Amino acid sequence: MTMTRGLRKFVLTAHVTFTVGWLGAVAGFLALAVAGLTSQDAQMVRAAYLAMELIARFVIVPLSLAPLLTGPVLSLGTPWGLFRHYWILVKLLITVLSTILLQVHLQPIRYLSGAAAEGSLSSADLRLQIQMVVAASAGLLALLVATTLAVYKPRGMTPYGWRKQYEQRTESPADCRSFGKTDR
Amino acid sequence: MSQTNVGPDRGSTTSTPPGTPRWVKVLGIIAIVLILLFVVLHLTGNNLGCPPPGGPHTPPGCPADTPSGDAGDTPFVTRMATPPVEYGVQQT
């Protein structure tokens, strides 16, 4: 199943936009988390946690879910496949795990936002505030690794990918010669 | 996953599958360490996704009671006026 050139370009554009947008949104989230943790200005702290919830709910969550759709579609619609190369598999795992961790952290984000809105943030919330900085940093690092993998595409085929390619080679050498040309 | 410019890796030409690349092993070890760290943190009471016990917005499934050694709900304004060194000290 190979996509047409036009469709592939469209899905690729969407995928790059979503993933890079996700990276940028997490970077912004991290800046707000650091401001909320370190600032001595009460208004700044309140604004930071209120903005963090908005960014998480309306920007980061949609941008984290979209690549889970565009990534597999793009992989399965090209000769790369979804399970044939380690870098694609690792990227998929990073995306899935990051999305799960994000969902787990929505509850404390909502809590901090609510407490900031009511002006009831206390020293007991300090651990949660630190957790926000740590989680955002970890998420940013994971997304940077995923972006690096997408650009460098390190070599390494999975046993499944190798088997599939071996079957293709033995079945039709002509197809093998054109393997990968659709990507250029 | 920007699959442009370069075609897929053609892999080994031999009849035996290639081994796992070193970079995959390194990333795997890092992932295992992070998962173990997460499990240890969770087992030691640092529940991810749960606000501090006794807070006003405690969700279902999270501990609701305030532990005896907890700092309690020091108002935000008080916290701002409190030197950072005293964070976490029991308020009386």
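Rules used in this analysis
- Residues numbered from 1 in each chain as written.
- Chains lettered and ligands numbered in written order.
- Predicted model: local features only at pLDDT ≥ 70, side-chain atom pairs only at ≥ 80, totals over all residues.
- Heavy atoms only, no water.
- Helix = DSSP H or I, 4+ residues; strand = E, 2+ residues; numbered from the N terminus.
- Rg over C-alpha atoms; globule rule 2.2 N^0.38 Å.
- Buried < 20%, exposed > 50% of the residue type's maximum accessible area, 1.4 Å probe, protein only.
- Contact = heavy atoms within 4.5 Å.
- Phe/Tyr/Trp six-rings, centres within 6.5 Å; stacked < 30°, edge-to-face > 60°.
- Expected span 1.5 Å × (residues − 1).
- Bend = angle between axes of the 7 residues up to and from the residue.
- Axes fitted to C-alpha atoms, helices over the stretch in contact; angles between N-to-C directions.
- Parallel < 35°, antiparallel > 145°, perpendicular 65-115°, else oblique.
- Left-handed = near helix turned anticlockwise from the far one by under 90°.
- Nonpolar A, V, L, I, M, F, W, Y, C, P; charged D, E, K, R; others polar.
- Core = buried A, V, L, I, M, F, W, Y, C linked by side-chain atoms within 4.5 Å.
- pLDDT = per-residue confidence, 0-100.

Colleague: Talk me through the overall build of chain A; I want residue IDs and the actual numbers.
Modeller: On a plain count of helices and strands, chain A comes out with six helices and zero strands. The order of α-helices and β-strands along chain A, N terminus first, is α-α-α-α-α-α. A globule of 184 residues ought to have a C-alpha radius of gyration of about 16 Å, yet chain A, at 21 Å, is considerably larger. Looking at the 184 residues of chain A, the share that counts as buried comes to 49%. By sequence separation, contacts in chain A at least 24 residues apart represent 77% of the contacts at least 6 residues apart.

Colleague: Go over the packing of aromatic side chains with me, naming the residues and quoting the values.
Modeller: Residue and element names in this part refer to chain A. Applying the stated criterion to the full structure yields two aromatic pairs over all chains. Judged by centre distance (5.3 Å) and plane angle (80°), the rings of Trp 80 and Trp 87 are edge-to-face. Assigned by exposure class, Trp 80 and Trp 87 land together as buried. Considering the side-chain rings of Trp 162 and Tyr 166, the 5.1 Å spacing of their centres and the 15° angle between planes classify their relative orientation as stacked. Here Trp 162 pairs with Tyr 166, and both are found in helix α5 (residues 159–171), just four residues apart, close to one helical turn.

Colleague: With reference to specific residues and values, describe helix α3 (residues 86–118) of chain A.
Modeller: All names here are of chain A. The terminal C-alpha atoms of α3 lie 48 Å apart, and with 33 residues this matches the ideal 48 Å at 1.5 Å per residue to within 8%. The largest bend along α3 measures about 35° and falls at His 105, with the proline Pro 108 one to four residues further on. Gly 119 occupies a position one or two residues after α3 and carries a positive phi of about 75°.

Colleague: Before we move on, can you summarise the packing of helix α2 (residues 42–76) of chain A against α3(A) with the specific residues and values?
Modeller: Residue and element names in this part refer to chain A. In contact at an axis separation of 9 Å, α2 and α3 are set at 160° when each is read in the N-to-C sense. Relative to α3, α2 is oriented roughly antiparallel. You can see that α2 and α3 cross each other, and the crossing is left-handed. Its residues placed into classes, the contact of α2 with α3 shows 19 nonpolar, six polar and four charged.

Colleague: How would you sum up unusual backbone geometry? Please name residues and give values.
Modeller: Glycine aside, residues mostly have negative phi, and peptide bonds are mostly found in the trans state. All names here are of chain A. We note that Lys 153 has phi near 45°; this positive angle belongs to a residue other than glycine. Within the secondary structure, Lys 153 sits in the loop between α4 (126–152) and α5. Assessed through its relative accessible area of 15%, Lys 153 is described here as buried.

Colleague: Break down α2(A) for me, with residues and values.
Modeller: Taking 1.5 Å per residue, 35 residues should reach 51 Å; α2(A) reaches 50 Å between its end C-alpha atoms and fits that length. At A:Ala56, α2(A) shows its strongest bend, of approximately 40°.

Colleague: Give me the lowdown on the side chain of A:Ser98, citing residues and values where you can.
Modeller: Residue and element names in this part refer to chain A. Turning to its location among the elements, Ser 98 is positioned in helix α3. The class for Ser 98 is buried, based on a relative accessible area of 14%. Ser 98 has contacts with Trp 22 and Ala 142, leaving out every residue within four places of it along the chain.

Colleague: Tell me what's going on with the nonpolar core, and back it up with residues and numbers.
Modeller: All names here are of chain A. Ranked by internal contacts, the top residues of the largest apolar core, which has 28 residues, are Phe 29, Tyr 49, Ile 60, Leu 112, Leu 121 and Met 132. Those elements giving two or more residues to this core turn out to be α1 (5–38), α2, α3 and α4. Those residues in contact with Tyr 49 that sit more than four places away from it in its chain are Ala 33, Gly 36, Leu 37, Leu 112, Ser 113, Ala 116, Leu 121 and Gln 129. Trp 80, Trp 87, Val 90 and Ala 150 belong to the second-largest nonpolar core, a separate cluster that totals 10 residues.

Colleague: I'd like to hear about the confidence of the model for chain B, residue by residue, with values.
Modeller: Residue and element names in this part refer to chain B. Within chain B, residue pLDDT values average 63, and 32% of them lie at 70 or more. Predicted confidence is poor over residues 1–5, with pLDDT under 50, and the contacts of this stretch with residues over four places away or in other chains come to 27 contacts. Of the regions scoring below 50 in pLDDT, residues 66–92 engages in 39 contacts with residues more than four places distant in sequence or in other chains. Interface confidence for the predicted complex, given as ipTM, is 0.72, next to a pTM of 0.75.

Colleague: I'd like to hear about the confidence of the model for chain A, residue by residue, with values.
Modeller: Any residue range with low pLDDT should be treated as having predicted coordinates unsuitable for detailed reading. Averaged over every residue, the pLDDT of chain A is 90; residues scoring 70 or more account for 92%. Of the regions scoring below 50 in pLDDT, residues 176–184 of chain A engages in 25 contacts with residues more than four places distant in sequence or in other chains.

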